[in-house]
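Examining the three-dimensional arrangement
Residues per chain are reported as follows:
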Amino acid sequence: MSNHSTSLTTGAPASVGIVMDGNRRWAKANGLLALEGHRAGLEKAKEIARAAFDAGVTTLYYYAFSTENWKRAPEEVSYLLTLFEKAITDELEEFAKEDICVRFIGDLARLPEKVQVLAKNLEEKTSGNKRGTLVIAFSYGGRAEIVHAVNQLIEEGREVVTEEDIQHALWSKGLPDPDLIIRTSGEQRLSGFLTWQSIYSELVFTDTLWPSFTKEEFEQHLAEFRDRKRNFGV
């Protein structure tokens, strides 16, 4: 069963999830095309991931593309898929060289076959890395994940299931629940991010648009987490 813990060396949350929101609003505010906001968001994701692992975080979840995002304009979806493919072959390869394990969770069957293969190959290539795990939630929705898990258990012939059974059938199988979830851009909801896994996550909502989110602000939220008392219902 997944658990919650803190880094033994730094007191930082061991597992952090980030809803990277505000790319398009950032682009509009800076007189740029929305697509440029997504490019800036990718660069910011690399910066904050390195800051997280340097701070002692061992598992970092990024909410990169939701199941609802497929409903966006075709040209934007196409660009995001192209950006995702580039990230797998270029940016995420950098983390492979830094001893970071890369995982992808979501309904990946909806992605172009070439991208599915690239993602699987990167997962296999980095599976033995030990410094930390970067989890990219792409084509992801919390309800979709739970439905997928239940259907998988039905296919296995289960008539009665436990929480542990569902836990092991989730896309995030083997990964810890997030201790802390941060959402940027001022929205104060999780929008289907890690619905099953987030029941005891500490939440932080910031007005900062994702491309403007800084390492200093991230570290501030980690410090705030350290000061929170967590009883887990006890």
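The structure this text deals with has already been given above.
Residues numbered from 1 in each chain as written. Predicted model: local features only at pLDDT ≥ 70, side-chain atom pairs only at ≥ 80, totals over all residues. Heavy atoms only, no water.

Looking now at the overall build of the protein chain. Scanning the protein chain for helices and strands turns up seven helices and six strands. Radius of gyration (C-alpha) of the protein chain: 17 Å, near the 17 Å computed for a compact globule of 234 residues. In terms of overall dimensions, the protein chain has a C-alpha envelope of 55 × 45 × 35 Å along the principal axes. In the protein chain, once contacts between residues fewer than 6 apart in sequence are set aside, the share between residues at least 24 apart is 76%. (Helix = DSSP H or I, 4+ residues; strand = E, 2+ residues; numbered from the N terminus. Rg over C-alpha atoms; globule rule 2.2 N^0.38 Å. Contact = heavy atoms within 4.5 Å.)

What follows deals with the packing of aromatic side chains. Within this structure, the stated rule accounts for ten aromatic pairs. Ring centres 5.0 Å apart and planes at 80° place the aromatic pair phenylalanine 65 and tryptophan 70 in the edge-to-face group. Looking at phenylalanine 65, the relative accessible area reads 1%, which means it is buried. When the centroid spacing of 3.8 Å and the interplanar angle of 10° are considered together, the rings of phenylalanine 84 and phenylalanine 138 count as stacked. You can see phenylalanine 84 sitting in helix α3 (residues 74-96) and its partner phenylalanine 138 sitting in strand β4 (residues 132-140), a full 54 residues away along the chain. You'll find phenylalanine 84 and phenylalanine 138 in the same group, each marked buried. In textbook terms, an aromatic cluster arises when at least three aromatic residues are bridged by ring pairs, as seen for Phe65, Trp70, Phe84, Phe104 and Phe138. Against the face of phenylalanine 95 rests arginine 50, its NZ or CZ located 4.8 Å from the ring centre. (Phe/Tyr/Trp six-rings, centres within 6.5 Å; stacked < 30°, edge-to-face > 60°. Buried < 20%, exposed > 50% of the residue type's maximum accessible area, 1.4 Å probe, protein only. Lys NZ or Arg CZ within 6 Å of the ring centre and 35° of its normal.)

On to the nonpolar core. Counting 41 residues, the largest nonpolar core has Ile18, Tyr62 and Phe218 as its most contacted members. Broken down by element, the residue count for this core peaks at eight residues, all from α3. What tyrosine 62 contacts, discounting residues up to four positions off in sequence, is Ile18, Met20, Ala45, Ile48, Ala49, Leu134, Val135, Ile136, Ala137, Phe193 and Trp210. (Core = buried A, V, L, I, M, F, W, Y, C linked by side-chain atoms within 4.5 Å.)

Axis separation between α3 and helix α4 (residues 113-126) bottoms out at 10 Å; the angle between their running directions is 10°. Considered as vectors, α3 and α4 are oriented roughly parallel to each other. Residues Phe84, Glu85, Ile88, Thr89, Leu92, Glu93 and Ala96 of α3 touch α4, and the partners they reach there are Lys114, Val115, Leu118, Ala119, Leu122, Lys125 and Thr126. Of the residues in the contact of α3 with α4, the class split is eight nonpolar, two polar and four charged. (Axes fitted to C-alpha atoms, helices over the stretch in contact; angles between N-to-C directions. Parallel < 35°, antiparallel > 145°, perpendicular 65-115°, else oblique. Nonpolar A, V, L, I, M, F, W, Y, C, P; charged D, E, K, R; others polar.)

Looking now at the pairing of strand β6 (residues 202-205). Only one face of β6 is covered, namely the one carrying Glu202 and Val204; the face carrying Leu203 and Phe205 has none of its residues buried. Sheet topology note: the strand β5 (residues 180-183)/β6 ladder contains four bridges and is parallel. Looking at β6, one finds that isoleucine 182 is bridged to valine 204. (Pairing = 2+ DSSP bridges.)

Judged by pairing direction, the sheet is parallel, and its six strands sit side by side in the order β3-β4-β2-β1-β5-β6 without closing on themselves. Sheet topology places β3 (100-105) and β6 at the edges, where each strand pairs with a single neighbour. For this sheet, the mean angle separating the axes of adjacent strands, direction not counted, is 20°. Relative to strand β2 (residues 59-66), strand β1 (residues 15-19) is paired through five bridges, and the arrangement is parallel. Directly across from valine 16, in β2, lies its bridge partner leucine 60. Relative to β2, helix α2 (residues 34-54) is tilted by about 160°, and along the sheet it contacts β1, β2, β3 and β4.

What follows is about the pairing of β4. In terms of residue burial, β4 counts as a mostly covered element, since nine of its nine residues are buried. As judged from the seven bridges shared by β2 and β4, these two strands associate in the parallel manner. From the neighbouring strand, leucine 60 faces β4, where its bridge partner is leucine 134. Where β3 lies against β4, six bridges are found, and the strand directions are parallel. Bridge assignment links arginine 103 to a residue of β4, and that residue is valine 135.

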